[in-house]
Amino acid sequence: MCGIFGYCGQRRAAPIIIEGLKRLEYRGYDSFGIAVMDQGITVRKKQGKISLGASDLSRVKGKMGIGHTRWATHGEPNNQNAHPHLDCHDSIAVVHNGIIENYAGLKRELQARGHGFRSETDTEVIPHLIEEEFKGDLAAAVSAVLPRLEGSYALLVIATGCGEMVAARKRSPLVIGIGDRACLAASDVTPLLEHTERVIYLEDGDIASLSTGGIEIRHQGTRVKRPVQKIDWSLAEVKKGGFAHYMLKEIYEQPEVFSSTMRALKEEEIPDILQDTGGVTLVACGTSYHAALLCRYLIEEHCGIPARVELASEFKYFTSPGGDLVVGVSQSGETADTLAAMQKARMFSHPTLAVTNVLGSTITRLADHTLFMRAGPEISVAATKSFIAELAVFFHLVDRLAGGALEHSLGRGHLAIGEALLQDLSQAVDLCRNAQSMFFVGRGPFYPLALEGALKMKEITYIHAEGYAAGEIKHGPFALLSPETPVVALCPPGHAFPVMFSNIKEMKARGTPMIVLGVQGTQDLEEISDVFIPLPDGGIISHILASAALVQLLAYHTAVALGRDVDQPRNLAKSVTVE
Ligand code: G6P
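Residues numbered from 1 in each chain as written. Predicted model: local features only at pLDDT ≥ 70, side-chain atom pairs only at ≥ 80, totals over all residues. Heavy atoms only, no water.

### Things to note about the overall build of the protein
We apply this condition: Secondary structure is summarised from DSSP: a helix means a run of H or I of at least four residues, a strand means a run of E of at least two, and numbering begins at the N terminus for each. Note on method: radius of gyration uses C-alpha positions; expected globular size equals 2.2 Å times residues raised to 0.38. The buried label goes to any residue with under 20% of its type's maximum accessible area, the exposed label to any with over 50%, and the partly exposed label to all in between, with areas taken from a 1.4 Å probe on protein chains only. Areas reported as accessible are Shrake-Rupley estimates using a 1.4 Å probe. Residue values count occlusion only from the protein chains shown. Positive charges come from Lys and Arg, negative ones from Asp and Glu, while His and the chain ends are left out of the count. A single reference atom marks each charge: NZ on Lys, CZ on Arg, CG on Asp, CD on Glu.
Secondary structure assignment for the protein yields 20 helices and 25 strands. By the compact-globule yardstick of 25 Å for 579 residues, the protein fits well, its C-alpha radius of gyration being 25 Å. Of all 579 residues assigned to the protein, the portion counted as buried reaches 60%. For the protein, the exposed area adds up to about 21,800 Å²; of that, 48% sits on carbon and sulfur atoms. Charged side chains in the protein number 55 positive and 66 negative. The centres of these two groups are separated by 6 Å.

### With respect to unusual backbone geometry
At the junction of H83 and P84, the peptide bond is cis and its omega measures out at 0° in the coordinates. For P84, the position within the fold is in the loop between β4 (64-70) and β5 (85-86). Even without being glycine, D90 reaches a positive phi, approximately 55°. Positive phi outside glycine occurs at Q220, with the angle close to 45°. Within the secondary structure, Q220 sits in the loop between β13 (214-219) and β14 (222-224). Overall, the relative accessible area of 75% leaves Q220 in the exposed class.

### Re the pattern of salt bridges
To keep it simple, the criterion reads: When a carboxyl oxygen of Asp or Glu lies within 4 Å of a side-chain nitrogen of Lys or Arg, that pair is called a salt bridge.
Considering all chains together, one arrives at 26 salt bridges under this definition. Its salt-bridge partner being K22, residue E19 comes within 3.2 Å of it at the nearest N-O pair. Highlighted residues: E19 and K22, both in helix α1 (residues 13-24), separated by three residues, approximately one helical turn. Judged by relative accessible area, E19 falls into the partly exposed class, the value being 37%. In this structure, the salt-bridge partner of E197 is K230, at a minimum N-O distance of 3.9 Å.

### Points about the packing of aromatic side chains
Cut-off, in case you're wondering: Stacked, tilted and edge-to-face are the three classes applied to pairs of Phe, Tyr and Trp rings, where Trp contributes its six-membered ring and a pair requires centres within 6.5 Å; stacked means planes under 30 degrees apart, edge-to-face means over 60, and tilted covers the rest. Over a ring means this: the NZ of a Lys or the CZ of an Arg is within 6 Å of the ring centre and within 35 degrees of the ring normal.
For the structure on display, the rule yields four aromatic pairs. Arranged with centres 5.8 Å apart and planes meeting at 40°, the rings of F243 and Y252 form a pair that is tilted. Between R308 and the ring centre of F318, over which it is positioned, the NZ or CZ distance is 5.1 Å. When the ring centre of Y462 is taken as reference, the NZ or CZ atom of R570 above it lies at 3.9 Å.

### Brief notes about the site of the ligand
Rules: Here a residue is considered near a molecule or strand provided that any single heavy atom belonging to it is located within 4 Å of it. A 3.5 Å cut-off defines polar contacts: any pair of N or O atoms within that distance qualifies, except that in protein one atom must be a possible hydrogen donor and the other a possible acceptor, and neighbouring residues in sequence count only when both atoms are side-chain atoms. Using protein atoms alone on a 1 Å grid, points that fit a 1.4 Å probe yet trap it form a cavity, whereas open point sets bounded by protein on both sides within 12 Å along at least five of seven lines form a pocket; residues with an atom within 4 Å of a point count as lining. Each molecule is assigned to a cavity or pocket provided more than half of its atoms lie within 2 Å of the corresponding grid points. Nonpolar residues are Ala, Val, Leu, Ile, Met, Phe, Trp, Tyr, Cys and Pro. Charged residues are Asp, Glu, Lys and Arg, and all others, Gly as well, are polar. How far each domain reaches was decided by an automatic or database domain assignment.
Lining the immediate surroundings of the ligand are 13 residues, of which S288, S330, Q331, S332 and T335 lie closest. Between the ligand and S288, the relevant distance is 2.5 Å, taken from an oxygen atom to a side-chain nitrogen or oxygen of the residue. At 3.0 Å from an oxygen atom of the ligand is found a main-chain nitrogen or oxygen belonging to A573. Coverage of the ligand by the protein amounts to 89% of the 390 Å² it exposes when considered alone. Judged by the proximity of its atoms to the pocket grid, the ligand belongs to the largest pocket. At three residues, the largest contribution of residues to the shell around the ligand is made by helix α9 (residues 286-303). Among the residues forming the shell around the ligand, the class breakdown is five nonpolar, seven polar and one charged. When residues of the shell around the ligand are assigned to domains, at least three map to each of domain 2 (239-411) and domain 3 (423-542 + 549-579).

### Considering the domain arrangement of the protein
Going by this rule: Any two residues whose heavy atoms approach within 4.5 Å are treated as being in contact. Summed over both partners, the accessible area (1.4 Å probe) lost when two parts come together is defined as the buried area.
For the protein, the assigned domains read domain 1 (3-231), domain 2 (239-411) and domain 3 (423-542 + 549-579). At the interface, 13 residues of domain 1 touch twelve residues of domain 3. Across the domain 1/domain 3 interface, buried area totals approximately 960 Å², and carbon plus sulfur atoms make up 48% of it. Area buried by domain 1 at its contact with domain 3 is led by Y26, Y29 and W71, which between them contribute 49% of it. Our count for the domain 1 to domain 3 interface comes out at one salt bridge.

### Observations concerning the pairing of strand β23 (residues 487-490)
Short version of the rule: Here, strands pair whenever DSSP counts at least two bridges between them. If you view a crossover with the strands going away from you and the path from the first strand over the helix to the second runs clockwise, you call it right-handed.
By the alternation rule, side chains of β23 split into V487 and A489 and V488 and L490, which are all buried. Pairing analysis gives three bridges linking strand β21 (residues 437-442) to β23, with the strands arranged parallel. Paired with V441 across the two strands is A489, which belongs to β23. Looking at chain direction, β23 and strand β24 (residues 514-518) are connected through four bridges and run parallel. The partner of V488 across the bridge, within β24, is I515. Handedness of the crossover is the feature at issue here: the chain leaves β23, passes through helix α18 (residues 497-508), returns alongside β24, and the resulting connection is right-handed.

As structure tokens, this is what we get:
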């Protein structure tokens, strides 16, 4: 949801900012801009993607500057609405990630006092408010303005004649990088890796002044020290490494991600709050929600604990947070709705646990305990390896709480994913690529996988795809089945198999092309399938992991066949930091 990047150091800032923004482009990619300080502030903005149109911006002179890649919220994506935004005299420039909820009232006030506006954005009120407060001390002016802003923000501000860049955050992520005679700031750590491994995660309410002389952080007027953390992600992990797309690279990393998450968790103690709980409520969005939904089946079956799973965006509308322990699942640790759900749980004094991939992310500061997955940086907008890593965390927890019930299967998990990656999906892709609409169906833990398969398909191919519990398909969606509507059925062996088998036959009777994932030799499953995709032999854990990788790959290859922008699908952003 917008990426911001700032640099202040000894080198020309513009090319560094542009490279930084390219690494943040997955957060938003409809327009971009930079503001660089030399004698005055030079601003350049463009509609479209940085990767396609930033080459001429690198020539802008100056050693301090800020940049922004946008995911439009207020005003259409065009040059005027692209950040940075300026005050009346073009001497204060601001980039912003988040939403200023009270901007309309502030704008009216500012207009009444004679300020002219050039965009439809909420952000533009900020440079004008700073203009009114600025008397030579930029950090002081920013700090005077912030109490007037309602909503969320990560901000970077520069002003003519000031040798410092000011950074501030409230409910939107912002990380400071400590470079060699340079300071950097970014929405996340990935663009900082090229410059430093030492970072500071700002807290809500912090205001930082960054200059070649160092970093000074203030909180409510008092100078504070924040811990310097070492990032253990490598630069190689944020590069494509010979793969055509990040998504494919990340899918192929899954066997290792699964094993390394398992290995790391074995060394960790299970938090007491988990051992003692009488029930859990899991809250999450998107793919993380599907991971939570899947794990509910295993938690209830193996641990005998009631588990409830809620969309984080709906959680606030319930009067009680439910079970004893509230678990927030978020790859990025920055999803606004998941953070709000965690805050609500805290308000009700429920113990909280976070499951996340990002050290220092906001969710880690809201939760009583955090379990980290070891997926490494995930760049493609469509979540893949983080889904597998989330499953790894939950499988591990279930196993530990159930006295090793899953241990044997978990040791083989990476092999099951590896086998799935070898499958030829070309026939299935041929069926999907011409479809206007399709369904994914499953039962038990394979129902959340059907939801996830449909999500992957729609987000990167733009084919309308719905995930359904197979038992529900007769309650309405049956009306949509036709020879033009392929169905992907997840049908591994197990107690749901006989009824799934009947469901497949019923759908087939409507002329629906059936793509079936199952184990070879189970009844005459292959014979009733139009395309049969074999799952490896093994138990339910192997079938879950292999099915997850296969539905991801099916979406990936279909998107490639349709010529889609796989890593940056239209209208989406990887990190949704607004509710
Ligand atoms: C966005 C991403 C999804 C992701 C969801 C939740 O919508 O595009 O891929 O699943 O946010 O993200 P989180 O970081 O909380 O897991």
